[in-house]
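A closer look at the structure
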Amino acid sequence: MTPDLIVTADTVHTLDVARPAATAVAVTGGLITAVGDRRDVAGWRGAGTRVIDLGAATVTPGLVDGHIHPVLGLGLTRGADLSAVRTLDELTEALRRAQRDEPGEWVLGWGLNPNAFGRSPITHEPLTRAVGDVPVFLLMFDAHAAVASPAALKRAGIDGPREFAGGATVVCDGNGVPTGHLLEIPAYELVQAVLPPQGPAVRRARFADLLHRMAAAGLTAGNAMDFEADSADLVGHLDAADNAAGGLPMRLRFAPFCMPGVTRAELDDLVDRQRSGGARWRVDGVKFMIDGTVDGGTAWLSSADTHGESTVPFWPDPAEYVWAAGYLADRGVPVVTHAIGDAGVRYVLDALSGTRRGRVPHRIEHIETIPTELVGRFRALDVTASMQPTHCTLYTSADHSDNWSERLGPERARRAFRCRDLADAGARLALGSDWPVAPFDPRGVIADAQLRRPHGLFDAAPVLPGQALTAAQALHGYTTAAAAAAGLDDVSGRIKVGFRADLSSFGLDPLVAAPDEFAQAPVPLTVVDGTVVHRAD
Ligand SMILES: [Zn+2]
């Protein structure tokens, strides 16, 4: 069989213990058909073989983001990127710039860090002060809360407290007047519903652009933690495009949401949807949330935070979560649960301990603060720990002056993002970004996982440096562990004959380079399913 493609490079980390190092990889029909050295190439190649020599670069198995929101994120990243805003003055400036640069009825923004409000409560006041009596809708960085101006609330018909099935809140002052702070998706989607719509053509173009940028950063696959109304349309449209036109530039696994109040019929529908898919995508799993976020006061902690909040689960009756998760698991569906607070993680581990496991292990997302006695249970129960190291490095600080740490208090803030403890305890640790909550670039996540501070910020103190991963642990989190977490460890995650031809490459070796430098390394080539989906000029 003549290979379609041969890639050569000075370093190939196969992550295959039988043959860890190589300098040449041959690909035929979407599969790896030979792993060897440059001198083997002459014997492998045929008339139609494309040979790409990457010189001094390093090739790794294709990187998989454990947790992204590529479709939900299209709606969550409208307007100004506010992720660099650190103070209310900077917020004012950014909103005025947005109003000037993108003139329209609304002022929209996303990625806002609650620390920008400093010690003052999160309300619409700074928004109104900045741009006047116009509708403003700003999503917080964690996509679990938003701030809306009075004009925006008015259009959404929000004029006081609301009742929600899940733990969502329209925050109101002592007189019952909304402050503009909207906690959790059911609350803020009331405003999203009245935003100027984006047509399907715009969403398709933005989706394609996003996936191409992800591929250009070295990602070959992602676990999409949502399945929106138009997900099948967006992904199917790209997947069907022939490869000359691009095709789907990365593999996607979708886990549709299951919300409190779910009926048996809706669960059956979620089971049915597991059959959806195409060449490079499929629905595989169902996403739950047992709690919200520490920053929003909606996490589920075993005792209240310093504001007296984060004491209740997202499911008002958490036993209903156990029933729904068990119902799906009994039908072979992998259960994915967002659990951030210690009580939430404990509850989910307890629930999963009594749950059937199919081909794919169940998983817990985020795991932000847990006591030591929970660390070993991930391996014991064979539950994947899916974590996002940049949530720690970008949104918390070593001196505990940030909102997350201040709410938890010193004891629980010292149990933050225990990546190393979980890895050392033998947990299957999948890494990711949670884009758009944090940047999707895997180079930055791999760097920060080792540094425990933002790459490039050499003066920032590391947050709990004892929780730093080694370079090898970080790379496994994006490759072998990601494959095992998807029940695919016999077909992907390694560069091995018969495995899927998904390859990433970098100008620097992720196992050797200084993490700050690796974060800036070029990405010369990305291959998905044997197809070149990204090639730097
Ligand atoms: Zn998420």
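Above this text is the structure in question.
Everything numeric here is computed off the predicted structure, so don't read it as measured data.

Comments concerning the coordination of the zinc ion
Each protein donor to the zinc ion is listed here as His67 (NE2), His69 (NE2) and Asp434 (OD); together their distances run 2.0 to 2.2 Å. We note that the donor set of the zinc ion lies within a single chain, spaced as H-x1-H-x364-D. By relative accessible area, which is 0% here, His67 ends up buried. Given the relative accessible area of 7%, His69 is considered buried.

A word on the pattern of salt bridges
On inspection of all chains with the given rule, the structure shows 29 salt bridges. Between Arg275 and Asp272 there is a salt bridge, and its shortest N-O distance comes to 3.9 Å. The partner of Arg443 in a salt bridge is Asp441, and the shortest N-O contact between them spans 2.6 Å. A residue is classified by how much of its surface remains accessible, and Arg443, at 12% relative accessible area, is buried. Overlapping salt bridges bring together Arg251, Arg280, Asp502 and Asp529 as one network.

Brief notes about the pairing of strand S3 (residues 31-36)
The sheet contact formed by strand S2 (residues 21-28) and S3 spans five bridges and is antiparallel. Bridging from a neighbouring strand, Ala26 pairs with Ala34 of S3.

Considerations on the packing of aromatic side chains
Across all of its chains, the model carries 13 aromatic pairs by this definition. With 5.8 Å between their ring centres and 40° between their planes, Phe288 and Trp315 make a pair best called tilted. Of this pair, Phe288 sits in strand S16 (residues 286-289) while Trp315 sits in the loop between S16 and helix H10 (318-330), and the two are 27 residues apart along the sequence. Take Phe288 and Trp315: they sit in the same class, and that class is buried.

A look at the sheet that holds strand S15 (residues 281-283)
With respect to topology, four strands assemble into an open sheet ordered S6-S13-S14-S15, the strand pairing being parallel. Each end of this open sheet is capped by a strand with a single partner; those strands are strand S6 (63-68) and S15. Direction aside, the axes of adjacent strands within the sheet are offset by 15° on average. Where S6 meets strand S13 (residues 219-224), four bridges bridge the pair, whose relative direction is parallel. When the sheet's bridge partners are listed, Ile68 is paired in S13 with Ala224.

Parameters at a glance
- Residues numbered from 1 in each chain as written.
- Predicted model: local features only at pLDDT ≥ 70, side-chain atom pairs only at ≥ 80, totals over all residues.
- Heavy atoms only, no water.
- Donors = N, O, S within 2.8 Å, 3.2 Å for Na, K, Ca; no water.
- Buried < 20%, exposed > 50% of the residue type's maximum accessible area, 1.4 Å probe, protein only.
- Salt bridge = Lys/Arg side-chain N within 4 Å of Asp/Glu carboxyl O.
- Pairing = 2+ DSSP bridges.
- Helix = DSSP H or I, 4+ residues; strand = E, 2+ residues; numbered from the N terminus.
- Phe/Tyr/Trp six-rings, centres within 6.5 Å; stacked < 30°, edge-to-face > 60°.
- Axes fitted to C-alpha atoms, helices over the stretch in contact; angles between N-to-C directions.

Without other data, these values stay purely geometric and don't point to any function.
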